[in-house]
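Chain and residue survey
Next come the chains, spelled out residue by residue.
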Amino acid sequence: MMLPLDIHADDIFNLYDDLTDFRKKKPPLLPLLLLLFFLSVSPSTPLSLSSPSLLLSLCVFLQRLPVFEHHTVLTYWPSTPHTRKERSTEAMSPLRVPLLAILVSMALCQYYDYDYQPVSMLGPSGPNCNQECECPINFPSAMYCDSRKLKFFPIVPTGIKYLYLQNNQIEEIKAGVFDNVTAELRWLVLDNNQITNAKIAKGTIDKLTALEKLFFSHNNLTEPVIPPSKSLDELKIMYNKLSKFPSGLLNDKENLTSINLQHNQLTSDAITGAFKGPKKLMSLDVSHNKLKKLPAGVPSSLEILYADYNDIDGVGAGYLNKLPSLQYLRLSHNKLVDSGIPAGVFNVTSLVELDLSFNKLQSIPEINVQLEQLYLQANEITKIDLSSFCKYIDPVNFSRLKHLRLDANNVSHSNMPPDASNCLRQASDIMFE
């Protein structure tokens, strides 16, 4: 397949936004939509994506990076004060290839979370398999039971390590279904079913001693289901009805590195002490819940913390000092106010990205000079104080900030202090509109 790269940057941004919404509704049509778009553009410099290994590499690379949707069409350039420019193809040309790659990955990497390949690509099914599923001969340790309108949980035969059951109508997990693989099963994918806690029999998930990944999103769980396996490294229970996460459930999860609990009904009290156990935890996503404060007791190993779309109105003094490895912190769409932000709370050297957009801040909080991405759009900011970015300005003391969003506030480029270009000398764009 040959894809054209001669595409205007603003067209890419617009298409990206459209596809982001469209993908949530009708993912199977994305390849066709993308194909029609690419065919409508006259190619000048083609990029070949015909190699399956190249596609897989692209999926792995892109989907492991934090993805941001922030963009604008008006840019303030510190090197030329009081100048506002529309984004041009010349200014944005370095972004063409990665942005196009993101669009391609959206269409081609829909199954990356499961390292999933359609069974038709894997050859005929082997004999040691449940009749409702398929176990490819050239991948005999995997059993594919996904998207088959199953209403019952199939018995898993000996030798299966990877079990895919997403996109079915399963409501119950009966005792005995895992008896053949209690010490073998590595991955269990149960996304998009109708399972409740009451319908999970004892002697099922609680007997899986070797499980590494448990994906349980888009079900009807009210509390987490945690296997006894000490090898568990990834836990996803998104889009459920979790209202509590008892402390102690993760105490022996020494290898757990990623937890995603977004889109549930968790409160701050409900997760007290829930994340103290996993000492290697790197990523925690509790966005789209009912938290009033950031989760307490998270391990110092944490690098990514997402808490967007909650009811958080402040950050405790010294909270980030306990997280020396934290690089990405997102607190957009909360209730943050100036009085809830202690002086210097965000002034930590580890942070690379800080998202405080869609809150009620009236001033820019103090940040560390090492911060690279700061999102403050849609607040109530009325002034720009350079001391928020730079305590001193000289040849060696200046902000490393690259992107700053201030649009949808009560400031404009005319409010930038005269010495802004020296303090923010590395900022490629400062956005006001």
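Residues numbered from 1 in each chain as written. Predicted model: local features only at pLDDT ≥ 70, side-chain atom pairs only at ≥ 80, totals over all residues. Heavy atoms only, no water.

Quick look at the overall build of the protein chain
The number of helices and strands found in the protein chain is six helices and 17 strands. A separation threshold of at least 6 residues defines the contact pool for the protein chain, and within that pool the share at least 24 residues apart is 54%. Here the protein chain displays about 20,300 Å² of accessible surface, and carbon together with sulfur accounts for 52% of that area. (Helix = DSSP H or I, 4+ residues; strand = E, 2+ residues; numbered from the N terminus. Contact = heavy atoms within 4.5 Å. Areas by Shrake-Rupley, 256 points an atom, 1.4 Å probe, with all protein chains shown as cover.)

A few points about the nonpolar core
A general tendency of soluble globular proteins is for nonpolar side chains to be buried together. Judged by nonpolar contacts, the single largest core of 90 residues is most densely connected at Phe153, Phe178, Leu188, Phe216 and Phe389. When residues no more than four places from it in sequence are discounted, the contact partners of Phe389 are Ile364, Ile367, Val369, Leu374, Ile384, Ser399, Leu401, Leu404, Cys423 and Leu424. With six residues, the next largest nonpolar core counts Ala142, Tyr144, Val189 and Phe215 among its residues. (Core = buried A, V, L, I, M, F, W, Y, C linked by side-chain atoms within 4.5 Å. Buried < 20%, exposed > 50% of the residue type's maximum accessible area, 1.4 Å probe, protein only.)

Brief notes about the state of the cysteines
By definition, a disulfide links the sulfur atoms of two cysteine residues through a covalent bond. Inspection of every chain in the model, using the stated rule, returns three disulfides. Paired through a disulfide, Cys133 and Cys145 show a sulfur-sulfur distance of 2.0 Å. The disulfide joining Cys133 to Cys145 has a torsion of about 110° about its S-S bond and is therefore right-handed. Taken together, the positions of Cys133 in the loop between helix 5 (96–108) and strand 5 (142–144) and Cys145 in the loop between strand 5 and strand 6 (162–164) put the pair 12 residues apart, joining distant regions of the chain. Its relative accessible area of 6% is what places Cys133 among the buried residues. (Disulfide = S-S within 2.5 Å.)

Some words on the side chain of Ser301
Residue placement: Ser301 occurs in the loop between strand 11 (283–285) and strand 12 (304–306). Residues contacting Ser301, with those up to four places away along its chain left out, are Lys279, Lys280, Leu281, Met282 and Ser325.

Some thoughts on unusual backbone geometry
Unlike most non-glycine residues, Lys149 shows phi in positive territory, near 60°. Tracing the backbone shows Lys149 in the loop between strand 5 and strand 6. Lys149 gets classed as exposed once you look at its relative accessible area, which sits at 66%.

Observations concerning the pattern of salt bridges
Summed over the entire model, instances satisfying the criterion amount to 13 salt bridges. Put simply, Asp407 and Arg405 hold a salt bridge, and the shortest N to O gap is 2.4 Å. Judged by relative accessible area, Asp407 falls into the buried class, the value being 9%. Given a relative accessible area of 8%, Arg405 falls into the buried group. (Salt bridge = Lys/Arg side-chain N within 4 Å of Asp/Glu carboxyl O.)

Some words on the packing of aromatic side chains
To describe a pair of aromatic rings, one takes the distance between the centres and the angle between the planes. One pass over the structure, following the stated rule, counts five aromatic pairs. Between Tyr144 and Tyr164, the ring centres sit 4.8 Å apart and the planes meet at 5°, which makes this aromatic pair stacked. Of this pair, Tyr144 sits in strand 5 while Tyr164 sits in strand 6, placing them 20 residues apart in sequence. Taken together, the ring pairs in this structure connect Phe139, Tyr162 and Trp187 into an aromatic cluster. The ring of Phe215 is capped by Lys236, whose NZ or CZ atom sits 5.1 Å from the centre of that ring. (Phe/Tyr/Trp six-rings, centres within 6.5 Å; stacked < 30°, edge-to-face > 60°. Lys NZ or Arg CZ within 6 Å of the ring centre and 35° of its normal.)

A few points about the side chain of Ser268
Residue position: Ser268 is located in the loop between strand 10 (258–260) and strand 11. In terms of polar contacts, Ser268 uses its side chain to reach the backbone amide nitrogen of Lys293, at 3.1 Å. Setting aside residues no more than four positions away along its own chain, Ser268 makes contact with Lys290, Leu291, Lys292 and Lys293. (Polar contact = N/O pair within 3.5 Å; in protein donor to acceptor, adjacent residues only side chain to side chain.)

Here's the deal with the environment of Lys290
Along the chain, Lys290 falls in the loop between strand 11 and strand 12. The exposure class of Lys290 is partly exposed, given its relative accessible area of 45%. Along the backbone, Lys290 and Ile312 are 22 residues apart, and their C-alpha atoms lie at a distance of 8.5 Å. Discounting chain neighbours no more than four positions away, the residues touching Lys290 are Gln265, Leu266, Thr267, Ser268, Asn310 and Asp311.

Structural notes on the confidence of the model for the protein chain
Regions with low pLDDT should not have their predicted coordinates read in detail. For the protein chain, the average pLDDT comes to 81, and 71% of its residues sit at 70 or higher. Per-residue pLDDT stays below 50 along residues 1–29; that stretch engages in 70 contacts with residues further than four places along the chain or on separate chains. Across residues 35–99, where pLDDT falls below 50, the model places 121 contacts with residues more than four positions away in sequence or in other chains. (pLDDT = per-residue confidence, 0-100.)

Overview of the environment of Gly203
Among the structural elements, Gly203 can be located in the loop between strand 7 (187–189) and strand 8 (213–215). Of the residues examined, Gly203 reaches a relative accessible area of 18% and is grouped as buried. In this structure, the C-alpha to C-alpha distance between Gly203 and Phe178, residues 25 residues apart in sequence, is 8.2 Å. Once residues lying within four places of it in the same chain are set aside, the contact partners of Gly203 are Gly176 and Asp179.

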